[in-house]
There are 2 protein chains.
Amino acid sequence: MRFVVIGGDAAGMTAASHVRRDDDAHQVVVIEKGPHTSYSMCGIPYFVGGEIAEADDLVVRTPQEFRERGIVVHDRTEAVAIDPDHRVVRVRDLRTGGERDEPYDRLLVATGAHPVTPPVPGAAALGHIVHTLDEGEELRRHLDEREAAGAPRVRRAVVVGAGYIGMEIAEALITRGIDAILVDRTDEVMSATLDPDVSAHVATALEDFGVTLRLGESLVALHGEDGRVTEVETDRGRIAADVCVIAVGARPNRDLAVEAGCTVGDGGGLVVDARMRTTVDGIWAAGDVVDSHDLVAGRPRNVQLGTHANKQGKVAAIDVLADQRGERGAARFPGVVGTAVTKVCDWEIARTGVTEEQAREAGLDAAAVSFTGTARAGYMADAGTVHVKMLAERGTGRVVGCQLVGTGNVAKRIDVAAVWCQLGVTVQDAQLMDLSYAPPFGGVWDLLQVAARKLVRELGLSPEL
Amino acid sequence: MRFVVIGGDAAGMTAASHVRRDDDAHQVVVIEKGPHTSYSMCGIPYFVGGEIAEADDLVVRTPQEFRERGIVVHDRTEAVAIDPDHRVVRVRDLRTGGERDEPYDRLLVATGAHPVTPPVPGAAALGHIVHTLDEGEELRRHLDEREAAGAPRVRRAVVVGAGYIGMEIAEALITRGIDAILVDRTDEVMSATLDPDVSAHVATALEDFGVTLRLGESLVALHGEDGRVTEVETDRGRIAADVCVIAVGARPNRDLAVEAGCTVGDGGGLVVDARMRTTVDGIWAAGDVVDSHDLVAGRPRNVQLGTHANKQGKVAAIDVLADQRGERGAARFPGVVGTAVTKVCDWEIARTGVTEEQAREAGLDAAAVSFTGTARAGYMADAGTVHVKMLAERGTGRVVGCQLVGTGNVAKRIDVAAVWCQLGVTVQDAQLMDLSYAPPFGGVWDLLQVAARKLVRELGLSPEL
């Protein structure tokens, strides 16, 4: 079998490695546009901030290392067209400009996503994007520049977009001693993932750390001279800046597959089944480019996370191998519940399931409770603060969402709520589970179980503990 | 209704408060042997170590505060007999020695557990026990004593018993600058709760912190003069010591209930149903004194933890109130899976379900996998070390146990495995759940999912990701 993979990061290289390990007779060919394979995109802000010393630290395996494992990696090579009838991918060598055909028996589209550049003057020419490792290196080089007298050239930065990456970059800049101004067109930070009452705590944490927030401001233009930004213009005025980082999200790189006939889903990614097959015979897709089934909202959703890309790459590879034997793959990707975590300025932020707004959009009749607790027993030193919000569906009582923001050991606690969301566990059952307790880790009632108890009451369910 | 509760800590006061809140007409009477109600027993080692300044910090609510809420609390009063036919508890006022009868309509036995004193010469007279807050205060007073010249009188301590409390006390002593020697008759620390390969990591952590371990040594006698210990004798020799703390476990305070006709279970605690009814009409029991159903091992187990005591107290109270209306309580205690966590010397220790030995005892055919990972992404600074062990049942593939030991943010991660154990989730399903990922909190595959994947392979199950 000749298995061709377009895209050499998490989903693609996971699948390539799995198929290659199955049988040395398989020809496995990877087409990768950039110079790197298999690196941690999520680690880039930490590299920019300097916590991670070298870009290479983020690379799990280089193209050469994959080649030594028998995988043919064509880096700096772009796939320009797929011909599904003749099972051929047209590729272009970006160094020489030469084009050629790569035939395939089975194809995996793992093309990821591309960052959105706002359609305003100067954005493309003067703004920094930090989506690929190359771009992260470029930003860091820029921040490292010194003036003749030795002072850093970059003292003031504007970051556009207050989502995960924008916040992480803002923190990295402050850590480097650079003034950071974080601009977002919505009135909240993390407006896509947290409810406003929860994200307000994150905004306070950012401000306490030294980030200047300018919310409810839309980018109008970037101004500069000699190829460098000097001012960032919003609908509320001009902000002087030595650098501007744009982090307003990313869209699935789906065009190549769409031109080959693959269907796009309501989430904006490619439609795949639970075995990661697209709607075109012989083509699978995995990672940031696909829609996943949101188990809570009951609808497709494009979620761009390395953890899903890895799992989906595996599931696709298992099905590719089974398909070759005339079978169906034993693995099925079960869907997602929207679990995500990050850390900003010693605050941990975690969420799973739906927010109140997302519940309404999905037609879920959900009740929400919020309260503030501690990460350790209240009588311990440094007990920490945790803001907890949980949502459950009226009628069924199943947990449908949770948001946690706090200091101390908070983020990974979301996984319990994620499992509850994934399995449709009710608040009545949740409140009585055998979760761990010791004073260094919380009170005698786990925070998530306190939330479940409050929801039992709020929903008028029984038993009310 | 006259509701009498014997025992004024977690289970008892939770039930008393719940019943009292239901209706002011209920007479709620609590009989408590000691001077305190509702305090955190688990916090005592931190009080001994000085991290918690005052004993009062551990008290959630005093007898007087409960009285202000309309609960009659008889502190320093001991229940000496129950007459279930006449529904009367015989009590003794420990200050006056006077006895009287307290009639009840419904009775809750929440008598907790009592620490075991080894039957060796000198143990009762010279050893310190730290089970009650009084005893914690007594130990701390002893450690605070100074010689005429101002030097601390206690410089060297022997702690007998390397379970949770023994380890926590040993750490507290080291923190106070006291040499601590930890003795256990088994060859491992935490032998009751961890497998030897996992507890070996904990032993190393204790030694690195400065605790001297003497394992495989049995206590023979305590020697002393003027009421103070001077030497602790084991079957391997004598150890000079200024104080000796004995922490070799606790047994359910069941005699009172047994004499009233209540049945004892295979775990050594009182038999109760899911609504916390004992086998005697009109008597409920909750907390450390009862056996709980172990959902993984499928057998009764006496687990002494405040978190269960609280939940069971609630469940009992709900059934007491329902019983008064001629109904059954809506709440049922679902059982336990043996989740427990602690922190010793910056190492977090967590476990749930069965160990390999417990699996064998329970007749479970389980496979185990072990590996060492990191608490953060491997390329992050201070990635931490986590030793992971997970067990799954052959055939069904359900997760039946997990042990985590490590530095960094480890302990509360056990809750995901606890939920898997509680719900009988298989390793195949576990490996594909939507758990959180970001570099500050781990790799792209969650540690528990790495374990689940390894178990899929180990058990020869499909799909093997």
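What this report covers is the structure whose coordinates are included nearby.

Our next topic: the side chain of T307 of chain A. Mapped onto the fold, T307 of chain A is located in helix α9 (residues 306-324). Within polar-contact distance, the side chain of T307 of chain A engages the side chain of K311 of chain A at 2.9 Å. A distance of 2.9 Å separates the side chain of T307 of chain A from the backbone oxygen of V444 of chain B, its partner in a polar contact. Apart from the residues lying within four places of it in its own chain, the contact partners of T307 of chain A are L435, Y437 and V444 of chain B.

Before going further, it helps to examine the relation of the copies chain A and chain B. Two chain copies, one operation linking them: a rotation about an axis together with a shift along it. You can overlay chain A on chain B at an RMSD of 0.0 Å; the transform is a turn of 180 degrees with a shift of 0.0 Å along its axis. In short, the pair behaves as if placed about a two-fold rotation axis. Closest approach to the rotation axis within chain A is made by the C-alpha atom of V416 of chain A, at a distance of 2.6 Å.

On to the nonpolar core. Nonpolar side chains tend toward joint burial in soluble globular proteins. In terms of nonpolar packing, the biggest core is built from 203 residues, with W420 of chain A together with W420 of chain B touching the most fellow members. Here W420 of chain A is in contact with M390, V399, V425, A430, M433, L435, L448 and Q449 of chain A together with V419 of chain B, once residues within four sequence places are set aside. Formed by 48 residues, the second largest nonpolar core is a distinct cluster that contains Y46, L133 and L194 of chain A together with A377 of chain B.

Attention now moves to helix α1 (residues 10-22) of chain B. Residues and elements named next belong to chain B. Compared with an ideal rise of 1.5 Å per residue, which puts 13 residues at 18 Å, α1 spans 19 Å between its outermost C-alpha atoms and is within 8% of the ideal. For α1, the buried fraction is high: ten of the 13 residues fall into the buried class. For α1, every residue scored as buried is listed here: A11, G12, M13, T14, A15, A16, S17, H18, V19 and R20. In the core, the buried residues of α1 are packed alongside β1 (2-6), β2 (27-31), α3 (63-68), β3 (72-74), β7 (106-109) and α9 (306-324).

Attention now moves to the packing of aromatic side chains. Across all of its chains, the model carries zero aromatic pairs over all chains by this definition. Over the face of the ring belonging to F371 of chain A we find K454 of chain A, whose NZ or CZ atom lies 5.3 Å from the ring centre.

Across the boundary between the two partners, chain A contributes 67 residues, which contact 67 residues of chain B. Counting the surface lost from both chain A and chain B, the interface buries some 5,600 Å², and carbon and sulfur atoms represent 66% of this. The tally of links from chain A across to chain B stands at four salt bridges. Close ionic contact of D446 of chain A with K412 of chain B constitutes a salt bridge, the shortest N to O distance being 2.6 Å. Within the residue set of the side of chain A that touches chain B, elements represented by two or more residues are α9, β20 (340-344), α11 (414-423) and α13 (447-458) of chain A. A class-by-class count of the residues in the side of chain A that touches chain B yields 36 nonpolar, 16 polar and 15 charged.

Moving on, we come to unusual backbone geometry. Peptide bonds are trans in most cases, and residues, glycine excluded, mostly fall at negative phi. For the peptide bond that leads from S462 of chain A to P463 of chain A, omega is 0 degrees, which places it in the cis range. Structurally, the position occupied by P463 of chain A is in the segment after α13. You will see that D382 of chain A, though not glycine, has its phi angle at about 50 degrees, which is positive. Counting through the fold element by element, D382 of chain A comes out in the loop between β22 (366-373) and β23 (386-393). Backbone geometry at D226 of chain B places phi at a positive 55 degrees, although glycine is not the residue there. Its place among the elements puts D226 of chain B in the loop between β12 (219-225) and β13 (228-234).

This part takes up the sheet that holds strand β24 (residues 399-407) of chain A. Hydrogen bonds between backbone atoms are what pair the strands of a sheet, whose relative direction is either parallel or antiparallel. All names here are of chain A. Within the open sheet, the five strands sit side by side as β20-β21-β24-β23-β22. Their pairing is antiparallel. Two strands bound the open sheet, and with one partner strand each, they are β20 and β22. Across the sheet, the mean angle separating the axes of adjacent strands is 10 degrees when strand polarity is ignored. Helix-sheet contacts for helix α7 (residues 196-209) involve β20, β21 (347-353), β22, β23 and β24, and the interaxial angle to β24 is about 20 degrees. Taken strand by strand, α11 contacts β20, β21, β23 and β24, and its axis lies near 175 degrees from that of β24.

Residues and elements named next belong to chain B. With respect to burial, β1 is a largely interior element, five of its five residues being buried. Of the two faces of β1, the one lined by R2, V4 and I6 and the one lined by F3 and V5 are each fully buried. Relative to β2, β1 runs parallel, the two being bridged by five bridges. Residue pairing for β2: V4 is matched across the bridge by V29. In this view, the connection linking β1 to its parallel neighbour β2 by way of α1 has right-handed handedness. Relative to β7, β1 runs parallel, the two being bridged by four bridges. In the strand pairing of β7, I6 is matched with V109.

Residues and elements named next belong to chain A. What the three strands build is an open sheet, ordered β12-β13-β14; its pairing is antiparallel. Strands at the two margins of the open sheet, each flanked by one partner only, are β12 (219-225) and β14 (237-240). If you compare each strand with its neighbour and ignore which way they point, the axes differ by 25 degrees on average. Relative to β14, strand β13 (residues 228-234) runs antiparallel, the two sharing four bridges. Considered in β14, the bridge of V232 is made with I239.

Residue and element names in this part refer to chain A. Counting across every chain of the model gives 65 salt bridges over all chains. A salt bridge links R95 to D93, with the shortest nitrogen-to-oxygen separation between them at 3.5 Å. By relative accessible area, which is 16% here, D93 ends up buried. Across the pair E145 and R228 runs a salt bridge whose closest N-O atoms are separated by 2.3 Å. Taken together, the positions of E145 in the loop between α5 (133-144) and β9 (156-160) and R228 in strand β13 put the pair 83 residues apart, joining distant regions of the chain.

Conventions we followed
- Residues numbered from 1 in each chain as written.
- Chains lettered and ligands numbered in written order.
- Predicted model: local features only at pLDDT ≥ 70, side-chain atom pairs only at ≥ 80, totals over all residues.
- Heavy atoms only, no water.
- Helix = DSSP H or I, 4+ residues; strand = E, 2+ residues; numbered from the N terminus.
- Polar contact = N/O pair within 3.5 Å; in protein donor to acceptor, adjacent residues only side chain to side chain.
- Contact = heavy atoms within 4.5 Å.
- Least-squares fit on C-alpha atoms with pLDDT ≥ 70 in both.
- Core = buried A, V, L, I, M, F, W, Y, C linked by side-chain atoms within 4.5 Å.
- Buried < 20%, exposed > 50% of the residue type's maximum accessible area, 1.4 Å probe, protein only.
- Expected span 1.5 Å × (residues − 1).
- Phe/Tyr/Trp six-rings, centres within 6.5 Å; stacked < 30°, edge-to-face > 60°.
- Lys NZ or Arg CZ within 6 Å of the ring centre and 35° of its normal.
- Buried area = accessible area lost by both parts, 1.4 Å probe.
- Salt bridge = Lys/Arg side-chain N within 4 Å of Asp/Glu carboxyl O.
- Nonpolar A, V, L, I, M, F, W, Y, C, P; charged D, E, K, R; others polar.
- Pairing = 2+ DSSP bridges.
- Axes fitted to C-alpha atoms, helices over the stretch in contact; angles between N-to-C directions.
- Right-handed = clockwise from strand over helix to strand, strands pointing away.

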